[in-house]
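The lines below spell out each chain.
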Amino acid sequence: MTEVKNNIPVLRFPEFSGEWAVPKFGEKYNFYTTNSLSRDKLNYEGGSVKNLHYGDIHTKFQAMFSLSNEYVPFINEDVSLAKIKEESYCKEGDLVIADASEDYNDIGKSIELINLNTYKVLAGLHTLLARPKEDFAKGFTGYSLQSWTLRKQIMVVAQGTKVLGLSTKQLAKVTIPTPTLPEQQKIADFLSSVDKKIGQLEEKKSLLEEYKKGVMQKIFSREIRFKADDGSEFEEWEEINFGDLYKFISTNSLSREKLNYEIPNVYNIHYGDIHTKFKSQFSFQDEIVPYINTDVSLSKIKPEAYCEVGDLVIADASEDYADIGKLIEVKDLNNKKVLAGLHTFLARQTNSKKIYNGFLSHYAKSWKFRKQMMFIAQGTKVLSISTGRVSKIKIELPSFPEQQKIANFLTSLDRKIEVVGKELEGVKEWKKGLLQGMFV
């Protein structure tokens, strides 16, 4: 690929040259009528016509849409389709574009219909149906609509405040730079191969996550047991209250406005970061942790309130049951001074020889532990837990050597998932660069 200027892409296959044509979208595509059927007029059980809802374009459909790979609802049989014109039924090569969104990132999000598998399909609520007036290489316009060149034009013409809207009239004015058919095909085929790689990595990651989920269930239900290095059986697990293993230490209540990422000071773990970004096995060097503002007095903080390796930091508030009581286990602090902050409990082992560092963060994801945490949560809009109730949670505890075997095995699975995840993100970033450089 070589670098060029004007209506010529920065990244280009060497066999192509010359400027791209820059027609308006309306010169190349006709628009057809779509329906306005809401979700309650659709079902997944049966029917004769399938329907593309804008919500599915936003959330789950692949940009290169193949009906064989997607879960698409039927229109209910009691909905009359007598007035639907034949031209309104989707054809392969059509674009279906979401014309409404709450944010700029998703307005005008589209799918190109690559394979309809002989099904009759309609474009539904809050969609635009665009059909090419002339031949385009399969996939080219779909990828072009993902490029920054077209995305920023669509963001500019979209209108609205709380909900953004896009009309056929506005979209018709957007320019769609277009090369020759052979170059279109080369670009589409190349980006399709990148998508295939992304799909393979997503599937690999998903299979590893499912495997870990399944094996965790068998380990913590004791369907699978590890053996000692000499082949002997480990002793039976004992049931202990959380409060007999951990004591609670005071935490602070500093809100986000008392924290920053620029001015060095004592670090602070905010419950929001436990919910959204920290790994369950917390190693300081792997995380971005905010400082406490220097104008906040820490003179009354007791030495014991600073986090130690082996501590658990538990989020005591959440808007949903899935996250209430989510925790991190401190594996490494890199000699940094760290406090547990707003809406957290800091739990410290009462006997460091009882719990292997790295075991509890895995056990806390098991259904046995999670269902107890959800049961003790209280509240309606915001759920909360108390130290008194957490203390009564039952923990089925293997011997220390078996904990070590379990923790090391599950941590090795986490590392495999993380490696695949990083590779996946790398390919996605590469694709972003390609979409920016391969289109005018």
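Residue numbering note: each chain is counted from 1, following its sequence as written. With the structure being a predicted model, the display of local features is reserved for residues of pLDDT at least 70 and the display and counting of side-chain atom pairs for 80 or more, all residues being used for whole-chain, interface and lining totals. Processing note: side-chain calculations cover all non-hydrogen atoms of the structure and skip hydrogens and water entirely.

Identification of the protein chain as Restriction endonuclease subunit S from Flammeovirga kamogawensis is taken from an unreviewed UniProt entry. UniProt positions are given in the numbering used here, feature names are shortened, and annotations may be inferred rather than shown by experiment. According to the UniProt record, the Sequence similarities (unreviewed entry) comment for the protein chain is "Belongs to the type-I restriction system S methylase family."

This part covers the sheet that holds strand 1 (residues 29–32). Here, any two strands with at least 2 DSSP bridges between them count as paired. A run of DSSP states H or I qualifies as a helix once it reaches four residues; a run of E qualifies as a strand once it reaches two. Both are numbered from the N-terminal end. Spatially, 1-10-6-8-4 is the arrangement adopted by the five strands of the open sheet, whose pairing is mixed. Taken across any chain shown, the strands that pair with only one partner, and hence form the sheet edges, are strand 1 and strand 4 (64–66). Each adjacent strand pair in this sheet contributes to an overall mean axis angle of 35°, direction not counted. With four bridges connecting them, strand 1 and strand 10 (residues 127–132) associate as antiparallel partners. Bridged to Y29 within strand 10 is P132. Convention adopted: a line fitted to C-alpha atoms gives each axis, helices being fitted over their contacting stretch, and angles between N-to-C directions are expressed from 0 to 180 degrees.

In the sections that follow, a salt bridge refers to a side-chain nitrogen of Lys or Arg positioned within 4 Å of a carboxyl oxygen of Asp or Glu. Scanning the entire structure with this criterion turns up 23 salt bridges. Close ionic contact of R12 with E183 constitutes a salt bridge, the shortest N to O distance being 2.8 Å. In this pair, R12 is assigned in the segment before helix 1 (25–28) and E183 in helix 6 (residues 181–220), connecting sequence segments 171 residues apart. Given the relative accessible area of 3%, E183 is considered buried. Between R39 and D56 there is a salt bridge, and its shortest N-O distance comes to 2.8 Å. Taken together, the residues span a long stretch of sequence, with R39 in the loop between strand 1 and strand 2 (42–43) and D56 in helix 2 (residues 54–59) at a distance of 17 residues. Exposure remark for R39: the relative accessible area of 38% places this residue in the partly exposed category. Three exposure classes are used, based on accessible area relative to the maximum for each residue type with a 1.4 Å probe and protein chains only: buried under 20%, partly exposed in between, and exposed over 50%.

Overall, mixed pairing links the five strands, which are arranged 13-22-18-20-16 in an open sheet. Strands with a single pairing partner mark the edges of an open sheet, and in this sheet they are strand 13 (246–249) and strand 16 (281–283). When the angles between neighbouring strand axes are averaged without regard to direction, this sheet yields 35°.

A few words now on the nonpolar core. Side-chain atoms within 4.5 Å are what join buried Ala, Val, Leu, Ile, Met, Phe, Trp, Tyr and Cys residues into a set we call a nonpolar core. Counting 41 residues, the largest nonpolar core has F25, I97, L171, I187, L191 and F439 as its most contacted members. If you list the elements that add at least two residues to this core, you get strand 6 (95–98), strand 10, helix 3 (140–144), helix 4 (148–157), helix 6 and helix 12 (400–437). If one sorts the elements of this core by residue count, helix 6 sits on top with seven residues. Contacts were defined at the residue level, with two residues in contact if any of their heavy atoms lie within 4.5 Å. Apart from the residues lying within four places of it in its own chain, the contact partners of F25 are F31, L95, I97, A130, L171, A172, V174 and I176. Counting 38 residues, the second-largest nonpolar core is a separate cluster that includes A228, W237, L312 and F345.

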